[in-house]
Amino acid sequence: MILKRKYRMKLSKKLKDDSNILAEFKAAIDQSFESINRLNNELIAKKEKQRLAKNVASPGSSVSLRRPTIKRTEKIVPLLEMVKPEGSKRSVLTVGQKAMAALKKFDKNVNAVMIFGKLGTGKSFLMNSLAERDVFSTSGGAKSHTQGVEINSTVFPHPKGDQYPGIIFADAEGQGDGKGAKYERSLATPILLTSKVVLMNIPVPNRVSVEELNRLEVLIDTANMMPKKQRKNIFGHLHIVCRDFSGNDPDAGNCLIDLENDDEDDYEDDDEYDLMLKRNRQRKKIAKYFESVTVWLFPCPLINKELQPEETGFNKKVGELRNSIHEQLKIPKLFDGDAFTGASFADTIEVMVDTLVNNPPDGLKDFLDTKSMSENIAERASRRAMTKMIADLKDT
């Protein structure tokens, strides 16, 4: 009996010692992670100052600096890539298999938020700020850090509750790096047609110019690939984010969406009149193709070349945009009347890529039809369900 009591006492002491060691180990890990967060913040701040000092502003990164702690860097996976097959001279649009596998495991509703914009203007920083996570990598160079289209590997929950669709953030490769309009349109088409929210990131350091409408051509071109009867509201909500705006007029961004006077007698030059007509056509198409269009004026977060986003009102604007997007993401994105789940989203991307790769450009309107694509998607879902059923039967 005495030996048993001594044994129990020794065992109890050992368990207590092990528990203390485990607690100390956990505390050391937490402390190390805090140090990593602090160093990460300092590195981001240093890179941001260097970029903005060279007028290659990416002010979205400054929002992450205001958070007391940064969440762990999320893993990203390629959703779409342009891959050059062995022995081939041209690249082919392909889907990322890791992204497909992750999405197909998510059987609840999902909505996608995607961002477009010119190379080196801080798209990835802005997405990180809106997501309130360090999801996407960033670069200040002349080459896009994001290649193809990248997404978070884990579907994020909607901040307002699990009753709403989960969220996928998609970062598209920067435009204007010399790869051409066809390359950009190929990447844009599948994710544009499946996203609930689309962000167009535009730097406007001095003023908002109507010439910025030309940046929206890739969106218009994508819609024009669809059958005409299906183009109305084919895309989700568009947010045109004008970065580093330094003017005082709160309505300056309206020039991108308000129609101009089309009285020919008011124009002295025929070329000027023709340009106005072109801009009005662009505005009408954008209004038709998207569920809604909103222009945001974001001030530069710099004061005397120092990051001070709170004082400039930049953080406030990011918060307003985030709240607006969260409201829009409460309603599922529909494709041929059905809300996306993670699996059907993945199937739709695969079907669109197959369609784009295997059909001539002139005949795409015959194949990029929502009903015919939906039949293909339903067939894939049926095959997947059959495969799962067979696997389950084998396990029993």
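Everything below is about the structure shown above.
The written sequence of each chain sets the order in which its residues are numbered from 1. Reporting of local features is limited, given that this is a predicted model, to residues whose pLDDT is at least 70; pairs of side-chain atoms are given and counted only at 80 or more, and all residues count toward the totals for whole chains, interfaces and linings. Side-chain numbers come from the whole structure's heavy atoms, not from hydrogens or water.

## As for the overall build of the protein
So, step 1. Counting from the N terminus, the helices are the DSSP runs of H or I reaching at least four residues and the strands are the DSSP runs of E reaching at least two. Each helix and strand in the protein was counted, giving 12 helices and 12 strands.
So, step 2. Think of it in three bands: with a 1.4 Å probe and only protein chains considered, a residue is buried below 20% of the maximum accessible area for its type, exposed above 50%, and partly exposed in between. Within the protein, buried positions represent 45% of all 396 residues.
So, step 3. Residues count as neighbours in contact if any of their non-hydrogen atoms are within 4.5 Å of one another. Restricting to contacts in the protein with at least 6 residues of sequence separation, those with at least 24 account for 75%.
So, step 4. A total of about 21,400 Å² of accessible surface is found on the protein, and carbon and sulfur atoms cover 52% of it. Every accessible area reported is derived by Shrake-Rupley at a probe size of 1.4 Å, with residue values counting cover from the shown protein chains alone.

## With respect to the pattern of salt bridges
So, step 1. For salt bridges, the criterion is a side-chain nitrogen of Lys or Arg within 4 Å of an Asp or Glu carboxyl oxygen. Per the stated rule, a full pass over the model turns up 10 salt bridges.
So, step 2. The shortest N-O distance in the salt bridge between Arg322 and Glu132 comes to 3.9 Å. Of the two residues, Arg322 is situated in helix α9 (residues 314-328) and Glu132 in the loop between α4 (123-131) and β4 (149-152); the sequence distance between them amounts to 190 residues.
So, step 3. By relative accessible area, which is 8% here, Arg322 ends up buried.
So, step 4. Here Lys196 and Glu291 are joined by a salt bridge, their closest N and O atoms 3.3 Å apart. In this pair, Lys196 is assigned in the loop between α5 (181-194) and β6 (197-203) and Glu291 in strand β8 (residues 290-297), connecting sequence segments 95 residues apart.
So, step 5. Judged by its relative accessible area of 36%, Glu291 is partly exposed.
So, step 6. When salt bridges that share partners are traced, they join Lys104, Asp347 and Glu350 into one network.

## What about the packing of helix α3 (residues 97-104) against helix α10 (residues 342-358)?
So, step 1. Viewed as axis vectors pointing N to C, α3 and α10 meet at an angle of 150°, and their least axial separation amounts to 7 Å. In contact with Met100, Leu103 and Lys104 of α3, α10 contributes Gly342, Ala343, Phe345, Ala346, Asp347, Ile349 and Glu350.
So, step 2. Polar here means any residue other than Ala, Val, Leu, Ile, Met, Phe, Trp, Tyr, Cys and Pro, which are nonpolar, and Asp, Glu, Lys and Arg, which are charged; Gly is therefore polar. Of the residues contributing to the contact of α3 with α10, the split by class is 6 nonpolar, 1 polar and 3 charged. Orientation is described by axes fitted as lines to C-alpha atoms, over the contacting stretch for helices, and by angles from 0 to 180 degrees between their N-to-C directions.

## Re the packing of aromatic side chains
So, step 1. Note on aromatic pairs: the rings of Phe, Tyr and Trp (six-membered ring only in Trp) are paired at centre separations within 6.5 Å, and the planes decide the class, stacked below 30 degrees, edge-to-face beyond 60, tilted for the rest. Per the counting criterion, the structure on display carries 5 aromatic pairs.
So, step 2. When the ring of Phe156 is compared with that of Phe169, the centres are 6.0 Å apart and the planes differ by 50°; the resulting orientation is tilted. In this pair, Phe156 sits in the loop between β4 and β5 (166-172) while Phe169 sits in strand β5, placing the two residues 13 residues apart along the sequence. Assigned by exposure class, Phe156 and Phe169 land together as buried.
So, step 3. Summarising the aromatic geometry, the rings of Phe335 and Phe340 are spaced 6.0 Å apart at their centres and angled 25° between planes, so their arrangement reads as stacked. Side by side, Phe335 and Phe340 carry an identical accessibility label, which is buried.
So, step 4. An aromatic cluster of three or more residues is present, and its members are Phe335, Phe340 and Phe345.
So, step 5. We call a charge positioned over a ring when the NZ of a Lys or the CZ of an Arg lies within 6 Å of the ring centre and within 35 degrees of the ring normal. Above the ring of Phe156, the side-chain terminus of Arg133 is found at 4.0 Å from the ring centroid.

## Notes on the pairing of β8
So, step 1. Relative to β8, strand β7 (residues 235-243) runs parallel, the two being bridged by 7 bridges. Along β8, the bridge assignment pairs His237 with Ser292.
So, step 2. Crossover handedness is defined here as right-handed if the route from the first strand over the helix to the second strand goes clockwise, with the strands pointing away from the viewer. Regarding the hand of the β-α-β motif, the stretch spanning β7, helix α7 (residues 270-289) and β8 is right-handed. Each pair of strands is called paired provided DSSP finds at least two bridges between the two strands.

## So, the nonpolar core
So, step 1. Core analysis: the biggest nonpolar cluster contains 61 residues, and Leu79, Leu80, Leu103, Phe116, Leu219 and Phe345 have the highest contact counts within it.
So, step 2. Per element, the largest residue contribution to this core is 7 residues, and it comes from α10. The criterion is simple. A nonpolar core is a set of buried Ala, Val, Leu, Ile, Met, Phe, Trp, Tyr and Cys residues joined through side-chain atoms within 4.5 Å.

## Quick notes on α10
So, step 1. A helix is expected to span 1.5 Å multiplied by its residue count minus one. The end-to-end C-alpha separation of α10 is 24 Å, in line with the 24 Å expected for 17 residues at 1.5 Å each.
So, step 2. The buried fraction of α10 amounts to 14 of the 17 residues, a majority that puts the element mostly inside the structure.

## Points about the packing of α10 against helix α12 (residues 370-395)
Between two packed helices, the angle of one axis relative to the other and the distance separating the axes together describe the packing.
So, step 1. The N-to-C vectors of α10 and α12 enclose an angle of 125°; their axes lie 9 Å apart at closest approach. Taken together, the axes of α10 and α12 lie oblique to each other. Both α10 and α12 take part in a crossing whose hand is right-handed. Residues Ala343, Ser344, Asp347, Thr348, Glu350, Val351, Met352 and Asp354 of α10 pack against Met373, Asn376, Ile377, Arg380, Ala381 and Arg384 of α12.
So, step 2. Split into classes, the residues belonging to the contact of α10 with α12 amount to 6 nonpolar, 3 polar and 5 charged. Roughly parallel here means an angle under 35 degrees, roughly antiparallel means over 145, roughly perpendicular means 65 to 115, and every remaining angle is called oblique. Here a crossing is taken to be left-handed if its near helix is turned anticlockwise relative to the far helix by less than a right angle, and right-handed if that turn runs clockwise.

## Details of the side chain of Arg231
So, step 1. Along the chain, Arg231 turns up in the loop between α6 (217-223) and β7.
So, step 2. Just so you know, the count uses Lys and Arg for positive and Asp and Glu for negative, and it drops His and the chain ends. Buried charge without a partner: Arg231 forms no salt bridge, and the closest opposite charge is Asp221, 9.8 Å away.
So, step 3. Engagement of the side chain of Arg231 in a polar contact is seen with the backbone oxygen of Ala223, the distance being 3.5 Å.
So, step 4. Reaching out from Arg231, the side chain makes a polar contact with the backbone oxygen of Asn224 at a distance of 3.2 Å. As used in this structure description, the phrase polar contact means that two N or O atoms lie within 3.5 Å; if the pair is within protein, one of them must be able to donate a hydrogen and the other to accept it, and residues adjacent in sequence are counted only when both atoms belong to side chains.

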